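Tertiary structure, described
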Amino acid sequence: MIEARLGRAVDPDENFFEAGLNSMALVELHADITGVLGIDIPVTSMFTRPNVRALSRLVEGAREPVRTEPARLRPVGGSRRDVRARIRRDGGAPR
């Protein structure tokens, strides 16, 4: 996809910006990669992994099946204050 966008071969260690891509092209490339491969990686990864080699490691990791543990359920008992604190700690926001 990168070579198609640039119209030439790219060395795996060549920086995307040095290769001729700009920020907008990287964002568009992110959309292509996530759409075609059906993976979910953050758009910032295009900037933090600035070459084909580094980005391919991330993409390969995203394509591997994720092993998930079943959620451990805890009783909800306690005061409203305790429940709200638990929700905030676990990443949710009380309404």
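Basis of the calculations
- The numbers attached to residues start from 1 for each chain and follow its sequence in the written order.
- Note on the predicted model: pLDDT of at least 70 is required for a residue's local features to be given, and 80 or more for side-chain atom pairs to be given and counted; whole-chain, interface and lining totals, by contrast, use all residues.
- As a rule here, side-chain values come from all non-hydrogen atoms in the structure, and water together with hydrogens is ignored.
- The predictor's confidence in any single residue is recorded as pLDDT, a number from 0 to 100.
- The way it works is that DSSP assigns letters per residue, a run of H or I at least four long becomes a helix, a run of E at least two long becomes a strand, and they are numbered from the N terminus.
- Whether two residues are in contact is decided by their heavy atoms: any pair within 4.5 Å suffices.
- Two N or O atoms form a polar contact when they lie within 3.5 Å of each other; inside protein one atom must be a possible hydrogen donor and the other a possible acceptor, and for residues adjacent in sequence the pair counts only when both atoms belong to side chains.

Let us now look at the confidence of the model for the protein chain. Put simply, the protein chain has an average pLDDT of 82, and 76% of its residues get 70 or more. Of all helices and strands in the protein chain, the one with the weakest mean pLDDT is helix α6 (residues 80–89) (73), whereas helix α2 (residues 16–19) scores best (94).

Before going further, it helps to spend a moment on the environment of Val-43. Position of Val-43 among the secondary structure elements: in the loop between α3 (23–37) and α4 (45–48). Between the C-alpha atoms of Val-43 and Glu-28, which are 15 residues apart in sequence, the distance is 9.5 Å. When residues no more than four places from it in sequence are discounted, the contact partners of Val-43 are Val-27 and His-30.

Within the secondary structure layout, Glu-14 lies in the loop between α1 (2–6) and α2. Only 3.0 Å separates the side chain of Glu-14 from the side chain of Arg-8, close enough to count as a polar contact. Among residues more than four places away in sequence, those in contact with Glu-14 are Arg-8, Ala-19, Pro-50 and Asn-51.

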